Amino acid sequence: MGTKFEGVDILGFLGQVVELHTQHYKDDFDIDKELIPKLALSGEPEDRRLLWMSRPCGTYTLREREVHLEDSYANNVWRFYHEQTKDPVLAYAISIKDVRDGKVIGNIYPLDYGSHVERTKSLTCPIEKVSVVFEDGTNIIIPYQNRRRLINELMPMHGNPKSMTDLPENEHELAMILKRERFKRSYHAVSGDIKEYIDGLENNTLRGKLKEARTAAATSPKPPSPNKGPER
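Below: a short report on this structure. (Residues numbered from 1 in each chain as written. Predicted model: local features only at pLDDT ≥ 70, side-chain atom pairs only at ≥ 80, totals over all residues. Heavy atoms only, no water.)

A closer look at the overall build of the protein chain
Helices and strands together make up the secondary structure of the protein chain, namely nine helices and nine strands. Expressed as a percentage of its 232 residues, the buried residues of the protein chain come to 40%. Pairs at least 24 residues apart make up 68% of the contacts formed inside the protein chain by residues separated by at least 6 positions. (Helix = DSSP H or I, 4+ residues; strand = E, 2+ residues; numbered from the N terminus. Buried < 20%, exposed > 50% of the residue type's maximum accessible area, 1.4 Å probe, protein only. Contact = heavy atoms within 4.5 Å.)

As structure tokens, then:
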């Protein structure tokens, strides 16, 4: 059974995770702090369903939909740190609900990163086409396999690509995968206490263990100095 935190300040919560778990490349989170509010204002519902990870060296914000597209950039990033490294990863699913007083509000579900990656491997759809929006505003759908060549051919006429959206072979299949995953996540989750959760993280992260070690060293009896003579 999982945990959920409902109606929380998303960036405030993620910021606490970063402070505890991400020691290097914290400027990755600066990118997240720009991206997530933009996605919160999007009229596209899938822009408001995200997967986020914190590693010792950086963070990532990914659209959940794209993680379930086989061999997409998001899918490769999400799998990489489980399959190719031993980095400890804290992972979360995010459902953005609203923006209130400048804060992005929504629900956050902590994930078992390794288990989620393994399950995702069997829950992906192949990419068939790519929707490309160019600098001049032209939107063209092209075959995924030939995308690089075709984009290069179209750039002299339409400018550089501003955005690219991968399109699955079967949109209905992808929609059903996402619907089932989200239903199971929500149905089996129980409301958690954020302070209790963050306190638990602090005790189990590298920073928390270092703090515990320092405290133990400061309070433990010191060994006798090697230059000290025998007591009389």
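Moving on from the coordinates now.
Overview of the sheet that holds strand 3 (residues 58–63)
Strands sit in the order 3-2-4-5-1-9 across an open sheet of six strands; the sheet is mixed. Bordering the open sheet on either side are strand 3 and strand 9 (189–191), each of which pairs with just one other strand. The average angle at which neighbouring strand axes cross in this sheet is 30°, direction not considered. Of the pairings in the sheet, the one linking strand 2 (residues 49–55) to strand 3 comprises six bridges and is antiparallel in character. Along strand 3, the bridge assignment pairs Leu51 with Leu62. (Pairing = 2+ DSSP bridges. Axes fitted to C-alpha atoms, helices over the stretch in contact; angles between N-to-C directions.)

Focus: the pattern of salt bridges
Under the counting rule described, the total for this entry stands at 18 salt bridges. Arg63 is the salt-bridge partner of Asp47, the closest N and O atoms lying 2.8 Å from each other. One end of the pair, Asp47, is in the loop between helix 2 (27–40) and strand 2; the other, Arg63, is in strand 3, with 16 residues separating them in the sequence. Residue class for Arg63 comes out partly exposed when judged on its relative accessible area of 28%. (Salt bridge = Lys/Arg side-chain N within 4 Å of Asp/Glu carboxyl O.)

Notes on unusual backbone geometry
Residues other than glycine predominantly adopt negative phi, and peptide bonds predominantly adopt the trans conformation. For Asp71, which is not glycine, the phi torsion reads 65° and is therefore positive. In this structure, Asp101 is a non-glycine residue whose phi angle is positive, near 50°. Assignment of secondary structure puts Asp101 in the loop between strand 4 (90–100) and strand 5 (103–111). The exposure class assigned to Asp101 is exposed, which follows from its relative accessible area of 82%.

Concerning the packing of helix 4 (residues 73–83) against helix 5 (residues 113–121)
Running from N to C, helix 4 and helix 5 point in directions that differ by 125°, and their axes come no closer than 10 Å. Viewed along their axes, helix 4 and helix 5 adopt a mutual orientation that is oblique. Helix 5 is crossed by helix 4, and the crossing has left-handed handedness. Facing Asn75, Val77, Trp78, Arg79, Phe80, Tyr81, His82 and Glu83 of helix 4, the residues of helix 5 in contact are Tyr113, Gly114, His116, Val117, Glu118, Thr120 and Lys121. (Parallel < 35°, antiparallel > 145°, perpendicular 65-115°, else oblique. Left-handed = near helix turned anticlockwise from the far one by under 90°.)

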